[in-house]
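Fold and geometry: a report
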Amino acid sequence: MKITDAKVFVGGPGKNYVTLKIMTDQGVCGLGDATLNNRETLTAAYLQDYLIPNLIEMDPRNSEDIWQFFYRGAYFRRGPIAMAAFGAIDMALWDIKGKLAGMPLYQLFGGKSREGALVYAHATGTDLEDLMDSIEGYIGQGYKAVRVQCGIPGMPSASYAVPESKGEGRHYITDFGGIRPKVEIWDTGRYMRYMPGALAEVRARFGPELHILHDVHHRLLPREAAEFAKAVEPVGLFWLEDPTPAEDQDALRLLRQHSTVPVAIGEVFNSIWDCNKLIENELIDFIRVAVTYAGGITPVKRIVDLAGLHHIRTGFHGAPSHSPLCMAAQAHLNAWAPNFGIQEYLVLDTSDCHALFPSEHRMENGMVFVSDAPGLGVEFDEREAERYSYKPGTHPVVRLEDGTLWNY
Ligand code: CS2
Ligand code: MG
């Protein structure tokens, strides 16, 4: 069996999805996601200029060897662009494997450990009352878990994931006004003084059953993160996400010594080497890698297994950063993983998105139910794709009030 061709598409409804389609001499095709938020043309170029020409003639069934060939063959290791491009190939090869076997991917991993997988939505508000309305809306739709973020009084500009006007509902991070980022101003003191009380009010309003998550987006230093974790302990968070900068695998030690708040980290990690110490030292409770950025199903399954040995559960990244293909790969892992925790879920439900990526994966009452179709269980409508093209966009950048650049 041989790979005969592969194509890359960039574009989508409100997003620049980077979609890879691998064709074989037996008529079976595979799909994969290489969407790297706000740097989408780069993964597409890596695929087109180097990886696809090497893929032609390879046997698509040897997904492990192909992954090793590209990873080791690059010599310069890791990095989000390379890993997202390898991730798309790996996903597509698993898709082909599933179609050849006539089985959904979760069957190839070991079958289902659960029927539905718990998901969380993003509730946001310009202020606390606006946030409460947003949470109520999600509870009304059947969600059992919400990530909560709100504006902070006196903060010089909107904070991470906070909409600019009231009742805006969903907040999309990417600004499609070009590639020059807007600047947000951040004040750690204001955040530290306000947010623990705000989270306590959310708990008081919605009672003990609701799973409440909160994302710090890497903005605190290790000592500040430890103080913040202690302050929010009475809230009973499901998790505190990215309290510290992600590069430093020792940064969570102090927090761990002072608090039992569950910690989630990993949406920016590209490999097992970014989180092996966090996992082995049991400094976290949830690992948040995404199948795309972390190099595909093959390496992510290894991370999930390592995490399982250390009582760490999954909480895969699922921001609008990822296409329904990545979300499908994660839906199959979520159905199987003995150490599944929760899934962030913000993608599969828009009608334009569904028209571009038709599938039987479905969301109901705050749970995702995986499709039983062979492979990933997602199609790609190439005629529908003609409606879209690449649009430059960017995240904001963050500065302190004196101008110092900070972590977005
Ligand atoms: C976030 C992301 O979903 C999350 O938890 O932290 O929205 C993140 O900001 C984006 O993926 C950045 O591209
Ligand atoms: Mg996050």
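As the structure is a computational prediction, the values presented were derived from the model and not from experiment. (Residues numbered from 1 in each chain as written. Chains lettered and ligands numbered in written order. Predicted model: local features only at pLDDT ≥ 70, side-chain atom pairs only at ≥ 80, totals over all residues. Heavy atoms only, no water.)

On to the overall build of the protein chain. Looking only at helices and strands, the protein chain has 13 helices and 16 strands in total. In terms of overall size, the protein chain behaves like a compact globule, its C-alpha atoms giving a radius of gyration of 21 Å where 408 residues would be expected to give roughly 22 Å. With the C-alpha coordinates aligned to their principal axes, the bounding extent of the protein chain is approximately 60 × 45 × 45 Å. Sorting the 408 residues of the protein chain into buried and exposed places 59% on the buried side. (Helix = DSSP H or I, 4+ residues; strand = E, 2+ residues; numbered from the N terminus. Rg over C-alpha atoms; globule rule 2.2 N^0.38 Å. Buried < 20%, exposed > 50% of the residue type's maximum accessible area, 1.4 Å probe, protein only.)

Residue position: Arg114 is located in the loop between α4 (105-109) and β4 (116-125). This buried residue, Arg114, is left without a salt bridge; Glu115 holds the nearest opposite charge, at 9.9 Å. In terms of polar contacts, Arg114 uses its side chain to reach the backbone carbonyl oxygen of Ala335, at 3.5 Å. (Lys, Arg positive; Asp, Glu negative; His and termini not counted. Salt bridge = Lys/Arg side-chain N within 4 Å of Asp/Glu carboxyl O. Polar contact = N/O pair within 3.5 Å; in protein donor to acceptor, adjacent residues only side chain to side chain.)

Let us look at the packing of helix α1 (residues 40-55) against helix α3 (residues 80-101). Where α1 meets α3, the closest approach of the two axes is 9 Å, and the angle between their N-to-C directions is 55°. Classified by the angle between their axes, α1 and α3 sit oblique to one another. Judged by the twist between their axes, the crossing of α1 over α3 is right-handed. Here Leu42, Thr43, Tyr46, Leu47, Leu51 and Leu55 of α1 lie close against α3, whose contacting residues are Ile81, Ala82, Ala84, Ala85, Phe86 and Ile89. (Axes fitted to C-alpha atoms, helices over the stretch in contact; angles between N-to-C directions. Parallel < 35°, antiparallel > 145°, perpendicular 65-115°, else oblique. Left-handed = near helix turned anticlockwise from the far one by under 90°. Contact = heavy atoms within 4.5 Å.)

Taken together, the protein ligands of the magnesium ion (ligand 2) are Asp215 (OD), Glu241 (OE) and Glu267 (OE), with distances of 1.9 to 2.2 Å. Site description for the magnesium ion (ligand 2): donor spacing in sequence, D-x25-E-x25-E. With Asp215 in strand β7 (residues 211-215) and Glu241 in strand β8 (residues 239-241), the pair connects residues that are 26 residues apart, well separated along the chain. For the pair shown, Asp215 and Glu241 are each scored as buried. (Donors = N, O, S within 2.8 Å, 3.2 Å for Na, K, Ca; no water.)

This paragraph deals with unusual backbone geometry. Here the phi dihedral of Tyr75 falls at roughly 65°; this positive angle occurs in a residue that is not glycine. We note that Arg78 has phi near 65°; this positive angle belongs to a residue other than glycine.

Attention shifts here to the sheet that holds strand β16 (residues 405-406). Spatially, β6-β15-β16 is the arrangement adopted by the three strands of the open sheet, whose pairing is mixed. Of all the strands in the sheet, the pair left with one neighbour each is β6 (183-186) and β16. Pairing of strand β15 (residues 397-400) with β16 involves two bridges; the strand directions are antiparallel. Bridge pairing in β16 links Val398 to Trp406. (Pairing = 2+ DSSP bridges.)

Here Glu364 is to be found in strand β13 (residues 362-364). Considering only alpha carbons, one finds Glu364 and Gln141, 223 residues apart in sequence, at a separation of 8.7 Å. In this structure the side chain of Glu364 is engaged in a polar contact, spanning 2.6 Å, whose partner is the side chain of Arg362.

Attention now moves to the site of ligand 1. Neighbouring ligand 1 are 15 residues, the closest being Asn37, Glu267, Ser321, Glu344 and His395. Side-chain polar atom of Asn37 to an oxygen atom of ligand 1: 2.5 Å apart, as the coordinates give it. One of the side-chain N or O atoms of Asp215 is found 3.0 Å from an oxygen atom in ligand 1. Taking 340 Å² as the accessible area of ligand 1 by itself, protein coverage stands at 94%. Residue classes in the shell around ligand 1 are distributed as three nonpolar, six polar and six charged. (Near = heavy atom within 4 Å. Areas by Shrake-Rupley, 256 points an atom, 1.4 Å probe, with all protein chains shown as cover. Nonpolar A, V, L, I, M, F, W, Y, C, P; charged D, E, K, R; others polar.)

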